[in-house]
Amino acid sequence: IHKIRVQGALVHVNEGMLRQSVVDKVQGGYFNLDVAALRQTVEQLPWVKAAAVRRVWPDAVVISVIEQQPLAVWGKGGLVNTQGELFIPKENSRSKHLPLFAAPAGMERNVTELYRDVSAQLAPLELQIVELRLDNRRAVQLQLHNGIELVLGREERLARLQRFVKVYNKTLAHHAMRIQRIDLRYSNGMAVQWDNTATQVKS
C-alpha cells in the first residue's frame, strides 16, 4: 500500500493526523491489509463517528469518514451529538455557540429528545435555548437567549410550555428585557418575575 485517500466532509477531523494514526497499519501488501483493524483505529479518533475502509487496486486504501455532529455541550464534560450520544473531543475544539445540557449521567438521549420538542415549540417565537437543565427529580428549567428563565417542572412540561407560547407574543414579548423568570408550574397560569417582584398572569 502506497496511497491513503481520505473521503468525507471534514471540519473537525484533521486529515494529516488521521493519516498519521493509520500509517503503521497500512504497511505491507494489498491482500494482507487488516481492514477491520484500520477502521477501528480511525473510529477511535475524537471527532470520528463512523468510518469505512476499502482497498483500491493496486496499491491504495480509501478511508471514508463521518464526523460527529455536535448538538450541545454536556455539563459533566464532553459533547452530545445529534443522536443524543456523548463523545469527548479535545477541550479546545468545543463550540461556544452550542447550548448547554445539564442532567444526570446516562440521560443524554432523553435530554436531546426533550430539547428537540421544546425547540420546535419555541421556534415560531424565534426563541433559542442556551441552557437546558434536568435535575435528579426530572424537573426541567430552560434558559433562553434573551435571558428569560423558564421553569417547566416535572409534569406536563410540553403542555406548560405551550401555555407560555400562546401568551408570549400577546402579553410578554414587549416586556422581555425586564423578565427574569417565568414559573409555569401552575394549572391555569404562570408566575412572571421581573424587577424582583412576582406577578401572576392568567392564561
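Please refer to the structure higher up on the page.
None of these values were measured; they are calculated from a predicted model. (Residues numbered from 1 in each chain as written. Predicted model: local features only at pLDDT ≥ 70, side-chain atom pairs only at ≥ 80, totals over all residues. Heavy atoms only, no water.)

S.K.: Could you clarify how one ought to interpret the pairing of strand β8 (residues 129-134) in this entry?
M.R.: The side chains of a regular strand alternate between the sheet's two faces. As paired strands, strand β7 (residues 100-102) and β8 are joined by three bridges and run parallel to one another. Looking across to β8, one finds that A102 is bridged to R133. (Pairing = 2+ DSSP bridges. Helix = DSSP H or I, 4+ residues; strand = E, 2+ residues; numbered from the N terminus.)

S.K.: It is not clear to me how the nonpolar core should be interpreted in this structure. Could you clarify?
M.R.: Within the largest apolar cluster, 36 residues are counted, with the highest numbers of intra-cluster contacts made by F101, L122, F164, L172 and I182. Of all elements in the fold, only β4 (70-74), α3 (108-122), β8, β9 (140-144), β10 (149-153), α4 (157-172), β11 (179-183) and β12 (189-194) reach the threshold of two or more residues within this core. Counting residues per element, this core draws most heavily on α4, which supplies six residues. Judged by nonpolar contacts, the second largest core, of 21 residues, contains I1, V6, A51 and V73. (Core = buried A, V, L, I, M, F, W, Y, C linked by side-chain atoms within 4.5 Å. Buried < 20%, exposed > 50% of the residue type's maximum accessible area, 1.4 Å probe, protein only.)

S.K.: In this structure, what is going on with the sheet that holds strand β1 (residues 3-7)? I would like to understand it.
M.R.: What links the strands of a sheet is backbone hydrogen bonding, and the strands pair in either a parallel or an antiparallel sense. Here three strands make up an open sheet; going across it, the order is β1-β3-β2 and the pairing mixed. Both edges of this open sheet fall to β1 and β2 (48-56), since each of them pairs with a single strand only. Adjacent strand axes in the sheet meet at a mean angle of 20 degrees when their direction is disregarded. Note: β1 against strand β3 (residues 60-67), five bridges, orientation parallel. Directly across from I4, in β3, lies its bridge partner V61. Running over the sheet, helix α1 (residues 15-22) touches β1 and β3 and is turned about 135 degrees from β1. (Axes fitted to C-alpha atoms, helices over the stretch in contact; angles between N-to-C directions. Contact = heavy atoms within 4.5 Å.)

S.K.: It is not clear to me how the pattern of salt bridges should be interpreted in this structure. Could you clarify?
M.R.: Side-chain pairs of opposite charge can arise whenever the charged atoms involved come near each other. As enumerated under the stated definition, the model contains six salt bridges in all. The shortest N-O distance in the salt bridge between R39 and E43 comes to 3.2 Å. Taken together, the residues R39 and E43, both in helix α2 (residues 35-43) and four residues apart, mark about one turn of the helix. A salt bridge links E149 to R181; its shortest N-O distance comes to 3.6 Å. Of this pair, E149 sits in strand β10 while R181 is found in strand β11, placing the two residues 32 residues apart along the sequence. (Salt bridge = Lys/Arg side-chain N within 4 Å of Asp/Glu carboxyl O.)

S.K.: Would you explain the packing of aromatic side chains in this entry?
M.R.: When we look at a pair of aromatic rings, we describe it by the centre distance and by the angle of the planes. All chains considered together, the criterion is met by six aromatic pairs. With a centroid separation of 5.2 Å and 50 degrees between ring planes, the pair formed by F164 and Y168 is classed as tilted. Taken as a pair, F164 and Y168 lie in helix α4 at a separation of four residues, close to a single helical turn. As far as burial versus exposure is concerned, F164 and Y168 are alike and both buried. Site record: aromatic cluster; members linked through ring pairs are Y30, F31 and W57. R178 extends its terminal NZ or CZ atom over the ring of W194, reaching a point 4.8 Å from the ring centre. (Phe/Tyr/Trp six-rings, centres within 6.5 Å; stacked < 30°, edge-to-face > 60°. Lys NZ or Arg CZ within 6 Å of the ring centre and 35° of its normal.)

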